[in-house]
Amino acid sequence: DTEVTQTPKHLVMGMTNKKSLKCEQHMGHRAMYWYKQKAKKPPELMFVYSYEKLSINESVPSRFSPECPNSSLLNLHLHALQPEDSALYLCASSLGGEDTQYFGPGTRLTVL
Amino acid sequence: DAKTTQPTSMDCAEGRAANLPCNHSTISGNEYVYWYRQIHSQGPQYIIHGLKNNETNEMASLIITEDRKSSTLILPHATLRDTAVYYCIVRVANTGTASKLTFGTGTRLQVTL
């Protein structure tokens with residue numbers, strides 16, 4: 001089983017809202033990732049957690065705040081987003097940091 | 001990570017083999033070649049990866065040239081459901097740390113009747 005789940009599937013929020021994206025895997029993977037994909041562009045890495053610690057932050061603005069409460073869960077807290085942050089947000093996980101990454105279906109975010 | 005070059009788009013008739021090329025002429029000895037695909041608005045799906053030997057699984061075959069400067073992903077009997085963007089990614093391994101996938105622009109494969 002290589003399933004990564006993400007909720008919600010779709011999210012519409014205003015620029016003053018606070019929302020969270022959730023990602024979950026039960027494969028015993030110890031590395032988890034957030035990628036962002038703008039329309040007609042390839043995915044780009046935002047954050048990497050390894051053994052529940054943030055190991056890579058690709059200079060993402062502070063209005064995006066990741067959290068890894070345990071080895072199965074990864075959250076992305078959103079606050080004061082801009083319309084240009086509208087995108088598909090993808091979560092991935094891998095057994096270790098160097099292993100194959102498996103992606104979830106993504107959350108389609110629209111910021112009004 | 002080494003840069004990859006792929007054709008922007010390709011067409012393939014259903015039932016025929018789809019051969020997707022990738023050039024990675026600056027690949028290093030410790031870099032793997034990974035292939036993912038992304039069907040419209042879905043998350044990328046892992047297909048296959050290899051270091052220097054050819055690899056085959058239930059989805060596809062990966063042929064890597066002897067000098068490792070290029071590779072070909074082969075879908076032996078393409079179906080309409082294989083229509084997707086296919087990404088060839090070169091990724092460093094054996095660093096002991098978590099690493100990212102750097103996606104290029106990929107090849108848009110259109111399978112037709």
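Since the structure is predicted, the reported quantities are computational estimates derived from the model, not experimental observations.

Q: Before we move on, can you summarise the overall build of chain A with the specific residues and values?
A: Tallying secondary structure elements over chain A gives zero helices and 11 strands in all. Moving toward the C terminus, one meets the helices and strands of chain A in the order β-β-β-β-β-β-β-β-β-β-β. For chain A, the spread of C-alpha atoms along the principal axes amounts to about 35 × 25 × 20 Å. With 112 residues in all, chain A has 50% of them scored as buried. Sequence separation of 24 or more characterises 54% of the internal contacts of chain A that already satisfy a separation of 6 or more. When the accessible area of chain A is evaluated, it comes to approximately 5,400 Å², of which 50% is carbon and sulfur surface. Taken as two groups, the 12 positive and 11 negative side-chain charges of chain A have centres that lie 9 Å from each other.

Q: Can you tell me about the interface of chain A and chain B, naming the residues and giving the values?
A: Taken together, the contact between chain A and chain B spans 24 residues of the former and 22 residues of the latter. Taken together, both faces of the contact between chain A and chain B bury some 1,600 Å²; the carbon and sulfur share is 53%. Applying the counting criterion to the chain A and chain B interface returns one salt bridge. Note that lysine 100 of chain B and glutamate 58 of chain A form a salt bridge whose closest N and O atoms lie 2.9 Å from each other. Where chain A touches chain B, the interface holds eight residue pairs in polar contact (both at pLDDT 80 or more). Broken down by secondary-structure element, the contributors of at least two residues to the side of chain A that touches chain B are β4 (31–37), β5 (44–50), β6 (53–57), β9 (87–94) and β10 (102–103) of chain A. Partitioned by chemical class, the residues of the side of chain A that touches chain B number 12 nonpolar, seven polar and five charged.

Q: So, the side chain of asparagine 75 of chain A: which residues are in play, and what are the values?
A: Among the structural elements, asparagine 75 of chain A can be located in strand β8 (residues 73–79). On the basis of relative accessibility, which here comes to 13%, the residue asparagine 75 of chain A falls in the buried class.

Q: Give a description of the nonpolar core that names residues and reports values.
A: Where a protein is soluble and globular, its nonpolar side chains tend to be buried together. Formed by 23 residues in total, the largest nonpolar core has its most connected members in Trp34, Phe64, Leu76 and Leu78 of chain A. Elements supplying a minimum of two residues to this core: β2 (10–13), β3 (18–25), β4, β5, β7 (64–70), β8, β9 and β11 (107–111) of chain A. Setting aside residues up to four positions removed in sequence, phenylalanine 64 of chain A forms contacts with Met46, Phe47, Leu76, His77, Leu78, Leu81, Asp85 and Tyr89 of chain A. In this structure, Ile27, Ile47, Ala84 and Leu109 of chain B belong to the second largest nonpolar core, which totals 21 residues.

Q: Could you give an account of the sheet that holds strand β7 (residues 70–75) of chain B, naming the residues involved and the relevant values?
A: All names here are of chain B. Here four strands make up an open sheet; going across it, the order is β2-β7-β6-β5 and the pairing antiparallel. Taken across any chain shown, the strands that pair with only one partner, and hence form the sheet edges, are β2 (18–23) and β5 (55–56). Pairing of β2 with β7 involves six bridges; the strand directions are antiparallel. Following the sheet pairing, asparagine 23 is matched in β7 by serine 70.

Q: Quick rundown of the pairing of strand β1 (residues 4–7) of chain A? Include the residues and the values.
A: Residues and elements named next belong to chain A. Every second residue of β1 is oriented toward a common face, the buried set being Val4 and Gln6 and the non-buried set Thr5 and Thr7. When β1 meets β3, the two strands line up antiparallel, connected through four bridges. Each bridged residue has a counterpart across the sheet, and for threonine 7 the counterpart in β3 is lysine 22.

Basis of the calculations
- Residues numbered from 1 in each chain as written.
- Chains lettered and ligands numbered in written order.
- Predicted model: local features only at pLDDT ≥ 70, side-chain atom pairs only at ≥ 80, totals over all residues.
- Heavy atoms only, no water.
- Helix = DSSP H or I, 4+ residues; strand = E, 2+ residues; numbered from the N terminus.
- Buried < 20%, exposed > 50% of the residue type's maximum accessible area, 1.4 Å probe, protein only.
- Contact = heavy atoms within 4.5 Å.
- Areas by Shrake-Rupley, 256 points an atom, 1.4 Å probe, with all protein chains shown as cover.
- Lys, Arg positive; Asp, Glu negative; His and termini not counted.
- Charge placed at Lys NZ, Arg CZ, Asp CG, Glu CD.
- Buried area = accessible area lost by both parts, 1.4 Å probe.
- Salt bridge = Lys/Arg side-chain N within 4 Å of Asp/Glu carboxyl O.
- Polar contact = N/O pair within 3.5 Å; in protein donor to acceptor, adjacent residues only side chain to side chain.
- Nonpolar A, V, L, I, M, F, W, Y, C, P; charged D, E, K, R; others polar.
- Core = buried A, V, L, I, M, F, W, Y, C linked by side-chain atoms within 4.5 Å.
- Pairing = 2+ DSSP bridges.

Bear in mind that shape data such as this cannot, by itself, settle questions of function.
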